[in-house]
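Commentary on secondary and tertiary structure
Listed below, chain by chain, are the residues.
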Amino acid sequence: MGKFYITTPIYYINAVPHIGHAYTTVIADIIARWRRLAGDDVFFLTGLDENSSKTVEAAENMGFENPQEYADWMAEKWKNVWRILCISNNDFIRTTEERHKKRVQEIFQRLLEKGEIYPGIYEGLYCDGCEAYVSEEDLVDGKCPLHGTEPKKVKEENYFFRLSAYRDTLLEHLRNNPDFIIPEARRNEVVSFLQRGLKDVSVTRRGLKWGIEVPGDPEQRIWVWFDALINYLVAQDYWPADVHLIAKDILRFHCILWPAMLMAANYPLPKKILSHGFLTVNGRKISKSLGNVIDPVYLAEKYSPDVLRYFLAREISLGQDGDFSEENLRRRLNDELADVLGNFIHRVLTFIHARYNGRAPEGELDREFLEEVNKRVREIIRLMDRFEVTRAAEEIVNLARLGNEYFQRCKPWESISTKPAEAAKCLLSCLNLVGTICVLLSPFMPITAERLSKQMNFKVERLDQALRPGILPGHEIGKPEPLFRKAQDEKTAEAAVSREVTVSDFEKMDIRIAKVLSCEKIKGSEKLLKLSVDVGGEVRTIVAGIGKSYSPEDLVGRLVVVVVNIKPAKIMGVVSHGMLLAAGDDENKLSLLVPDRTQEPGTKVR
Ligand code: MSP
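What counts, and where the lines are drawn
Residues numbered from 1 in each chain as written. Predicted model: local features only at pLDDT ≥ 70, side-chain atom pairs only at ≥ 80, totals over all residues. Heavy atoms only, no water. Helix = DSSP H or I, 4+ residues; strand = E, 2+ residues; numbered from the N terminus. Rg over C-alpha atoms; globule rule 2.2 N^0.38 Å. Buried < 20%, exposed > 50% of the residue type's maximum accessible area, 1.4 Å probe, protein only. Contact = heavy atoms within 4.5 Å. Areas by Shrake-Rupley, 256 points an atom, 1.4 Å probe, with all protein chains shown as cover. Lys, Arg positive; Asp, Glu negative; His and termini not counted. Charge placed at Lys NZ, Arg CZ, Asp CG, Glu CD. Near = heavy atom within 4 Å. Polar contact = N/O pair within 3.5 Å; in protein donor to acceptor, adjacent residues only side chain to side chain. 1 Å grid on protein atoms, 1.4 Å probe; cavity = no way out; pocket = protein on both sides within 12 Å on 5 of 7 lines; lining within 4 Å. Points joined across faces, edges and corners; volume = space filled by probe spheres on them. pLDDT = per-residue confidence, 0-100. Nonpolar A, V, L, I, M, F, W, Y, C, P; charged D, E, K, R; others polar. Core = buried A, V, L, I, M, F, W, Y, C linked by side-chain atoms within 4.5 Å. Domains from an automatic or database assignment. Pairing = 2+ DSSP bridges. Buried area = accessible area lost by both parts, 1.4 Å probe. Salt bridge = Lys/Arg side-chain N within 4 Å of Asp/Glu carboxyl O. Phe/Tyr/Trp six-rings, centres within 6.5 Å; stacked < 30°, edge-to-face > 60°. Lys NZ or Arg CZ within 6 Å of the ring centre and 35° of its normal.

1. Remarks on the overall build of the protein
If you tally the helices and strands in the protein, you get 19 helices and 25 strands. For 606 residues, the compact-globule estimate of 2.2 N^0.38 gives 25 Å, and the protein sits close to it at 28 Å. Along the first, second and third principal axes, the C-alpha atoms of the protein reach 85 × 75 × 40 Å. The buried share of the protein, reckoned over its 606 residues, is 55%. A sequence separation of at least 24 residues applies to 73% of the contacts in the protein between residues at least 6 apart. Surface summary for the protein: the accessible area is close to 27600 Å², and the carbon and sulfur share equals 47%. Looking at the protein, you have 84 positive and 88 negative side-chain charges, and the mean spots of the two groups are 2 Å apart.

2. Re the site of the ligand
As a matter of local geometry, the ligand sits amid 23 residues, with Ile-10, Thr-24, Asp-49, Asp-249 and Leu-279 nearest to it. In this structure, an oxygen atom belonging to the ligand sits 3.0 Å away from a main-chain N or O atom of Tyr-12. In the model, an oxygen atom of the ligand is placed 2.7 Å from a nitrogen or oxygen of the Thr-24 side chain. Expressed as a share of its isolated accessible area of 670 Å², the protein-covered part of the ligand is 94%. The set of elements that each furnish at least two residues to the shell around the ligand consists of β1 (3-12), α1 (19-37) and α7 (224-229). Take the shell around the ligand: its biggest share by element is four residues, from β1.

3. A word on the layout of surface pockets
In this structure, the second largest pocket spans a volume of roughly 440 Å³. Lys-302, Tyr-303, Arg-485, Lys-486 and Ala-487 are, among the 21 residues lining the second largest pocket, the residues nearest its centre.

4. With respect to the confidence of the model for the protein
Confidence in the prediction of the protein, expressed as mean pLDDT, is 94, and 98% of residues score 70 or more. Per-residue pLDDT stays below 50 along residues 493-499; that stretch engages in five contacts with residues further than four places along the chain or on separate chains.

5. Describing empty space enclosed by the protein
Inspection of every chain in the model, using the stated rule, returns one cavity of 30 Å³ or more. By volume, the largest cavity is sized at about 70 Å³. Residue lining of the largest cavity: 13 residues in total, with Asn-51, Glu-131, Arg-205, Leu-208 and Val-224 positioned closest to the centre. Looking at the lining of the largest cavity residue by residue, the classes come out as six nonpolar, four polar and three charged.

6. Structural notes on the nonpolar core
One finds Ile-437 and Phe-444 to be the most contacted residues of the largest nonpolar core, which totals 114 residues. Top contributing element to this core by residue count: helix α15 (residues 420-441), with 14 residues. Taken together, domain 1 (1-96 + 277-324) and domain 2 (325-466) each give at least three residues to this core, which thus spans both. With sequence-adjacent residues up to four places away left out, Phe-444 is seen in contact with Ile-30, Trp-34, Arg-309, Ala-313, Met-384, Val-389, Ala-392, Ala-393 and Ile-396.

7. Points about the sheet that holds strand β14 (residues 279-281)
Ordered in space as β15-β14-β16, the three strands form an open sheet in which the pairing is mixed. Where the open sheet ends on each side, the last strands, each with one partner, are β15 (284-285) and β16 (322-324).

8. Digging into the sheet that holds β1
Read across the open sheet, the six strands follow the order β3-β2-β1-β12-β13-β7; overall the sheet is parallel. The sheet is open, and its two borders are formed by β3 (91-94) and β7 (181-182), each paired with just one other strand. Across two bridges, β7 lies against strand β13 (residues 273-276) in parallel orientation. Paired with Ile-182 across the bridge in β13 is Leu-274.

9. Some points on the domain arrangement of the protein
Think of interface size as the accessible area that goes away when the parts come together; that is how it is often given. Parsing the protein into structural domains produces domain 1 (1-96 + 277-324), domain 2 (325-466) and domain 3 (501-592). The straight-line distance from the C-alpha centre of domain 1 to that of domain 2 is 31 Å. Counting the surface domain 1 buries against domain 2, the share from its top three residues, Trp-34, Leu-37 and Tyr-310, is 30%. Connecting domain 1 to domain 2 are four salt bridges. Put simply, Glu-315 and Arg-332 hold a salt bridge, and the shortest N to O gap is 2.7 Å. Here domain 1 is connected to domain 2 by 14 residue pairs in polar contact (both at pLDDT 80 or more).

10. What about the environment of Ile-437?
Within the secondary structure, Ile-437 is located in helix α15. Through-space distance from the C-alpha of Ile-437 to that of Leu-383 is 16 Å; in sequence the pair is 54 residues apart. The residues contacting Ile-437, other than those within four sequence positions of it, are Leu-341, Phe-344, Ile-345, Ile-396, Leu-399 and Ala-400.

11. Topic: the packing of aromatic side chains
Scanning the entire structure with this criterion turns up 27 aromatic pairs. Each ring, one from Trp-239 and one from Trp-258, has its centre 5.8 Å from the other, and the planes form 70°; the classification is edge-to-face. Linking Trp-239 in the loop between α7 and β12 (243-247) with Trp-258 in helix α8 (residues 251-264), this pair joins segments that are 19 residues apart in sequence. Summarising the burial analysis for this pair, Trp-239 and Trp-258 share the class buried. Grouped by ring-pair contacts, the aromatic residues Tyr-118, Tyr-122, Tyr-126, Tyr-133, Phe-160, Trp-223, Trp-225 and Phe-253 constitute a single cluster. One Lys or Arg, Lys-3, reaches over the ring of Tyr-238 and ends 5.7 Å from the middle of that ring. A cation sits over an aromatic face here: Arg-205 above Tyr-126, 4.2 Å from the ring centre.

12. Things to note about the environment of Leu-85
By the secondary structure assignment, Leu-85 is in the loop between α3 (67-84) and β3. The spacing of Leu-85 and Glu-301 is 216 residues in sequence and 9.8 Å in space, taken between C-alpha atoms. When neighbours within four sequence positions are excluded, Leu-85 is seen to be in contact with Ala-22, Val-26, Pro-296, Ala-300, Pro-305, Leu-308 and Arg-309.

13. Some remarks on the pairing of strand β19 (residues 539-544)
A regular strand places its side chains on the two faces of the sheet in alternate fashion. Pairing geometry for strand β18 (residues 529-534) and β19, over six bridges, is antiparallel. Bridge assignment links Ser-532 to a residue of β19, and that residue is Thr-541. A loop of four residues connects β18 with β19, the two strands running antiparallel in sequence, and Gly-536 in this loop sits at a positive phi of about 100°.

14. Concerning the pattern of salt bridges
Under the defined criterion, the tally for this structure stands at 41 salt bridges. Linking Lys-527 and Glu-587 is a salt bridge whose minimum nitrogen-to-oxygen distance equals 3.9 Å. Linking Lys-527 in the loop between β17 (511-521) and β18 with Glu-587 in the loop between β24 (582-583) and β25 (591-592), this pair joins segments that are 60 residues apart in sequence. Look at Lys-527 and you get partly exposed, because its relative accessible area is 34%. Here the salt bridges do not stand alone but share partners, grouping Arg-314, Glu-315, Arg-332, Glu-336 and Glu-394 into one network.

Right under this line is the structure:
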């Protein structure tokens, strides 16, 4: 039994997780669950990067006096999303925890004593969005390509980390360990960056009130990236990590800064950095200002957490960028999960239930067929060993496709009366294939696999059961039930009705309880108010035409009802990211819709 330590990035807490964060965490979870099944002693770590100035800003916007209170509130929200998505992390690190702060200060101190960190003066550019010092070469038209903002000029006394000293060793490490960074394109990117040379990097900031203090110099706080990377050392017994799963946006921090920090502090390096691509929505970057932030909880509730997990693993080829669309999710659910996987499983189980009294028939196994199955299972195991999660998901569904073809060829509904031994052989073999699929599916779709294993009266324990499910004649199965419900084509549903709305039409509306944080009149208008509302971990600006019925003071602190997924619109120069619900025709006597009991901001209206 080997140790296996996998991490996700620790996420910023200025908002709740969107589909991009869910993507990384779900993929890491699939890998972690797979390794557990394979018998490894797995440690799976995720958590939050809380010492960033984004935390202070978000806390202020949300009306929290104390960033720590905000962080505690947000941490619960993040943990809850991971619970909903069935994430099986072993620990959850928050960088405001004492255990983490202590380790960061210890390492900082150690490097200072060794001369790896030294005091100096930093003069250059700093991008607030990246929370990092940037150089002119990183900019496009003078702006940060990731955040579209101009970095600011800073000059301050700082502590520097001797990053430049590690360039050659890093290059050598990459040469000797060609799989250290995968995929290869990302590795090449890091190599060429290193070849251009490295500068020492400032690892403290002066004058911040939030963040980990520099030991012995409380004027300075430790740079959030230096602090954040050290989170991975929380599982000391498991270090070095086998895989750091990240996206390409934070490649350099993980492939250059982090290994150099580890070398300086005499720690072994992680074994692998696996960088996936970026998810876009309808071809555009996910961003709050574009209003295209996709909520994974909405999708998990609408389709099921497992369908979302499968879709994320299957749709976006690991390592490449990919586009998210709900229509594609429905297509994968209908065409692959329902029509192929669910269909094969259900027809096998219902046949056994109806024709063999719910027991695996007496007969032999079809060796030739199961040989082919095993060949494919071994290939799936190989794919997962190389972290080719997308292809593995595809091949699992292909196993069901193979099963369907076999079933079709054997025609057991005919042979059961003409050649009963043939029919029995087919069904016993198919039932074993369902067992195989149940095992392989469990890391991807844990809830579905659990339901299936109950229906089959079969316990998933180890990966090698996929090669030998061992379901014998006479094995009693439970009551078969379909595993997947097809999703309706929403466009067709739309076209089919005129003024009537279907439930799925209504479900498209994301209506939530929101709390008014601040409110002011829009200059030049009697009617329009500009509100800042908390819609559940996210602050939105909303313009509402209720100024003749309510004054700003009436509204601050109140719970209101907001359509949050309405297309943003510019009203009197202000972009409104939501619509406040109110009733009435007379603009002097409008009534706000409000919940009649206290509800958390973000609570859905259904
Ligand atoms: N706090 C730092 C990471 C510190 S790790 C020591 C950070 N946080 S983040 O909240 O911005 O998360 C970045 C990570 O979230 C990405 O590397 C990726 O794993 C995930 N994603 C965020 N948006 C994403 C997409 N649009 N698409 C895919 N993954 C995305 O950076």
